[in-house]
Amino acid sequence: MKENKTQEDSSIIKGVIAKHFGISIDEFESLDGGFNNKIFKVSSENGKSYLFKRYFKDDRNRLNREFSAFKYLRSLGETRLPVPFFKDEDKGYAVYSFETGIVKSGRELVKKDLDRFLSFIFKIQNIKPIETKQNFPNAVLSTQSAEQFSNVILEKIKKFEELIKTPKTSPDIVNFSKGTKVLERINGQIKNLKRMSGDSFSEEIDDSLMRLSPVDFGPHNAIFKDNGDVCFIDFEYFGWDDPSKIVANFVTHEGSWGLSNENIRYFINKYRSESMLPKDIIDRVKIFVPLQALNWIGILLWSFTPQKLESRKFADSNFNENKYIKYLFSRIKTRLDQLDVLTIK
């Protein structure tokens, strides 16, 4: 089955490259790293390499969000992104430039690296909705208040609650939920944050203060090049969102795990001191950091569901479900053990 799938992918890619570039393929390589999509490096006879991406089909319109984001931002002079060559929405693929370099873990990042991430955030947050001719949708799971964001988190754990009530669900997952009391702890933390925030928890920001965001923004989606440049990838959730969330997501992201407390403070404080947004909007970072930490536990819980497991299987023909579930157990336990709410003064 795996060999047939590989041959099918190879045939499709060869046809696409020949049609659009008029060249033949010398090498074809399936790449690891995608949780939702199939990614291939295609080396052509002219010595150039391309990235061929087959998108998992769901209700998030991943292909169009990403392709349109790269095309639009590059039209504004932003070159720290792959070049989008062409797409076929019906067949669910797109071709981009293949970017070479290394990916750093959160632990490996130094302040100079963090400045590069901040520079990109400042660049896209200078784009105001009223100034944008292109009609981008809201980002995937976009919100305009802390309360709306908490509801997004609660919706994720609701899916997990439904899963553990299903008779076919593995007893290991059910026992894990009971043993860790993960659902009770998330609900309790959200109630505490709501109580500490008062009325501001439910206050919505105006549409005019929403900003473009790739959403899944972290070191795992940045390619550091030999010449010192960086290329940002994975904009499948791109759209308008609360500007505080991208900052909070970066410092709590799975891809940023290992980022030192010193660097977390540096990143947040520099954003707060240099952002051109109104102070009351910038200060929302204080509540969104602990919410994002909870959101990541919600994401990991959601990953147990059949829908999310199906996307993993689509992306990886060697997917081992039992191994992946054990990985989820480990990551959730680690995050619960370090769930102390990060206070930002």
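> Could you give an account of the pairing of strand β3 (residues 49-54), with specific residues and numbers?
Where burial is concerned, most of β3 is hidden: 5 out of the 6 residues are buried. As defined by bridge partners, strand β2 (residues 38-44) adjoins β3 across 6 bridges and the pair is classed as antiparallel. Bridge pairing in β3 places K41 opposite L51. Relative to strand β5 (residues 93-97), β3 runs antiparallel, the two being bridged by 5 bridges. Within β5, the position partnered with Y50 by the bridge is S97.

> Give a detailed account of the sheet that holds β5, specifying residues and quantitative values.
With antiparallel pairing, the 5 strands of this open sheet are ordered in space as β1-β2-β3-β5-β4. Both edges of this open sheet fall to β1 (25-31) and β4 (84-88), since each of them pairs with a single strand only. With strand direction ignored, the average angle separating the axes of adjacent strands in the sheet is 20°. Seen against the sheet, helix α2 (residues 62-75) touches β3, β4 and β5 and runs at an angle of roughly 155° to β4.

> I'd like a rundown of helix α7 (residues 243-252), residues and numbers included.
Of all 10 residues in α7, 10 are buried; the element is thus mostly enclosed. Within α7 the residues assigned to the buried category are P243, S244, K245, I246, V247, A248, N249, F250, V251 and T252. For α7, the N-terminal capping position is held by D242, with its side-chain oxygen 3.0 Å away from the main-chain nitrogen of S244.

> Provide a residue-level description of helix α3 (residues 111-125), including the pertinent values.
Because the α-helix completes a turn every 3.6 residues, residues three or four places apart line up on one side. A rise of 1.5 Å per residue sets the reference length of α3, with its 15 residues, at 21 Å; its end C-alpha atoms lie 21 Å apart and thus fit the reference within 8%. The secondary structure elements touched by the buried residues of α3 are α2, β6 (211-213), β7 (222-224), β8 (230-232), α7 and α8 (261-274).

> Explain the environment of P84 to me, using residue names and the numbers behind them.
On the secondary structure map, P84 appears in strand β4. With a relative accessible area of 15%, P84 lands in the buried category. Distance from P84 to K71, taken between C-alpha atoms, is 6.2 Å for residues 13 residues apart in sequence. Beyond its immediate sequence surroundings of up to four residues, P84 is in contact with F67, F70, K71, R74, V95 and Y96.

> So what's going on with the pattern of salt bridges? Which residues, and what values?
If you walk through the whole model with that rule in mind, you get 20 salt bridges. For D58, the salt bridge identified is with R62, shortest N-O distance 2.9 Å. Overall, the relative accessible area of 26% leaves D58 in the partly exposed class. According to the relative accessible area criterion, R62 is buried, its value standing at 3%. Across the salt bridge formed by E78 and R80, the nearest N and O atoms sit 2.8 Å from each other.

> Can you break down the pairing of β4 residue by residue, with the values?
When β4 meets β5, the two strands line up antiparallel, connected through 4 bridges. Among the inter-strand pairings, F86 is bridged to a residue of β5, identified as V95.

> Pulling in residues and values, what's your account of unusual backbone geometry?
A positive phi angle, close to 55°, is found at N61, a residue other than glycine. Relative to the elements of secondary structure, N61 occurs in the loop between β3 and α2. We classify N61 as partly exposed; its relative accessible area is 41%. Positioned with a positive phi, L141 is a non-glycine residue whose angle comes to about 60°. Take L141: its relative accessible area is 39%, and that puts it in the partly exposed class.

> Could you give an account of the environment of S202, naming the residues involved and the relevant values?
For S202, the location among the structural elements is in the loop between α6 (182-197) and β6. The exposure class assigned to S202 is partly exposed, which follows from its relative accessible area of 38%. Note: C-alpha distance between S202 and Q144 (58 residues apart in sequence) is 9.0 Å. Excluding residues that lie within four positions of it along the chain, S202 makes contacts with S145 and E147.

> Mind laying out the packing of α6 against helix α10 (residues 285-302), listing which residues take part and the relevant values?
Contact pair α6 / α10: the axes reach a minimum separation of 11 Å and the direction vectors enclose 160°. Judged on the interaxial angle alone, α10 and α6 are roughly antiparallel. In this structure, α6 meets α10 at a crossing whose hand is left-handed. Of the residues in α10, those in contact with V182, L183, I186, Q189, I190, L193 and S197 of α6 are I287, P290, L291, L294, I297 and L301. In the contact of α6 with α10, the residues fall into 11 nonpolar, 2 polar and no charged.

What counts, and at which threshold
- Residues numbered from 1 in each chain as written.
- Predicted model: local features only at pLDDT ≥ 70, side-chain atom pairs only at ≥ 80, totals over all residues.
- Heavy atoms only, no water.
- Buried < 20%, exposed > 50% of the residue type's maximum accessible area, 1.4 Å probe, protein only.
- Helix = DSSP H or I, 4+ residues; strand = E, 2+ residues; numbered from the N terminus.
- Pairing = 2+ DSSP bridges.
- Axes fitted to C-alpha atoms, helices over the stretch in contact; angles between N-to-C directions.
- Contact = heavy atoms within 4.5 Å.
- Polar contact = N/O pair within 3.5 Å; in protein donor to acceptor, adjacent residues only side chain to side chain.
- Expected span 1.5 Å × (residues − 1).
- Salt bridge = Lys/Arg side-chain N within 4 Å of Asp/Glu carboxyl O.
- Parallel < 35°, antiparallel > 145°, perpendicular 65-115°, else oblique.
- Left-handed = near helix turned anticlockwise from the far one by under 90°.
- Nonpolar A, V, L, I, M, F, W, Y, C, P; charged D, E, K, R; others polar.

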